[in-house]
Amino acid sequence: MTPPQPIPGLDYFISLFWQGRAETPEELAARWLKLIARFQTIDPIFAHWYIWPDIRHPLPFDTDVATLAEKIAAKVATSDTGEPLPIDGYQFFTRNNMASKRGPRSFQIDMFAGSPINYPLNRISLRTDYGVAPDSDLTTFRIFRSALLALAETFEATIGLAAPANITDLWPKDWDLRRKFPFAWITYVAPRFASLITPPASAVVERRPDGGLLMAATDETFDTANPKHLAAARQIEAAGAPFSALPYPWSR
């Protein structure tokens, strides 16, 4: 029997980005430990995390910096001949369950970070399972706002967004975050750029203690079929024009 195929666009995601910043596996491991501790305060769905050395043997997330750093170091970028390339950064991911099959209560955090070069961007993301409609109690503003801020502030990201995956159908084909402020449900801007943005009256606005700026099109679950949600998201996108005008790499 053919297994059910994923339906693109049903999932939700958060992505945060920053320009070149060299970091060691130990430094990245310390960030991961802070991140997971913070995630565990958001909701019981984030209470447990697992790493996957291979698909058959998931292991509980390591809480020891040295052990976790070893695992991150093992995921260093490599050349075509298999030579380690720390300059290209490290990849690492963890899931909130031990199941290898897709499900409506699954989340995965993916990181590509530690690279001092400005392209491709360093990044970290949270995503529900691809092609699976997540349970509605997990796609709330409360959860996605808190998760976005945890990722952004722990990894000192420059800019980021949260949205349902089908919003990408409304992006320009050549959209590039380095040159265009995102059209999204929730948008985050780092402290040093927040003063560039004047949030529209329609936005849910939160100014963070460190100076970061969060804006959301709605405090409901974002729906691309809702004209009010789309209109508010467009207004936030327009408010980001001063950021979009910055040359890359972003600097101020």
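Here's a quick rundown of the structure. Sequence order sets the numbering: in each chain, residues are counted from 1 along the sequence as written. Under the rules for a predicted model, residues below a pLDDT of 70 receive no local features and side-chain atom pairs below 80 are neither given nor counted, while totals for whole chains, interfaces and linings still include all residues. Side-chain descriptors were evaluated using all non-hydrogen atoms of the structure, hydrogens and water having been removed beforehand.

**Quick word on the pairing of strand β8 (residues 186–189)**
Side chains of β8 alternate between two faces, with Ile186 and Tyr188 and Thr187 and Val189 buried alike. Only strands joined by at least two bridges in the DSSP assignment are considered to pair. Here a helix means four or more residues in a row that DSSP labels H or I, a strand means two or more in a row labelled E, and each is numbered from the N terminus. Direction of pairing for strand β7 (residues 159–164) relative to β8: antiparallel, over a ladder of four bridges. Bridge pairing in β8 links Gly160 to Tyr188. Sheet topology places β8 next to strand β10 (residues 213–216); four bridges connect them, and they run antiparallel. Note that in β10 the partner of Ile186 across the bridge is Ala216. Classification of residues uses two cut-offs on accessible area relative to the type maximum, computed with a 1.4 Å probe and protein chains only: under 20% is buried, over 50% is exposed, and between them is partly exposed.

**Considerations on the pairing of strand β6 (residues 122–128)**
Of all seven residues in β6, five are buried, a share of seventy percent or more. Two strands pair when backbone bridges link them, and strand β1 (residues 12–18) and β6 are joined in this way by six bridges, in the antiparallel orientation. Residue Phe17 lies in a different strand from β6, and its bridge partner there is Arg123.

**Quick look at the pattern of salt bridges**
Here, a salt bridge means any Lys or Arg side-chain nitrogen found within 4 Å of an Asp or Glu carboxyl oxygen. Scanning all chains against the criterion turns up 17 salt bridges. Its salt-bridge partner being Asp11, residue Arg127 comes within 2.6 Å of it at the nearest N-O pair. Of this pair, Arg127 sits in strand β6 while Asp11 sits in the segment before β1, and the two are 116 residues apart along the sequence. Assessed through its relative accessible area of 32%, Arg127 is described here as partly exposed. Its relative accessible area of 0% is what places Asp11 among the buried residues. Between Glu23 and Arg31 there is a salt bridge whose closest N-O contact spans 2.6 Å. Per residue, the accessibility class of Glu23 equals that of Arg31, and both read buried. Sharing partners across several salt bridges, the network here consists of Arg38, Arg145, Glu153, Glu206 and Arg208.

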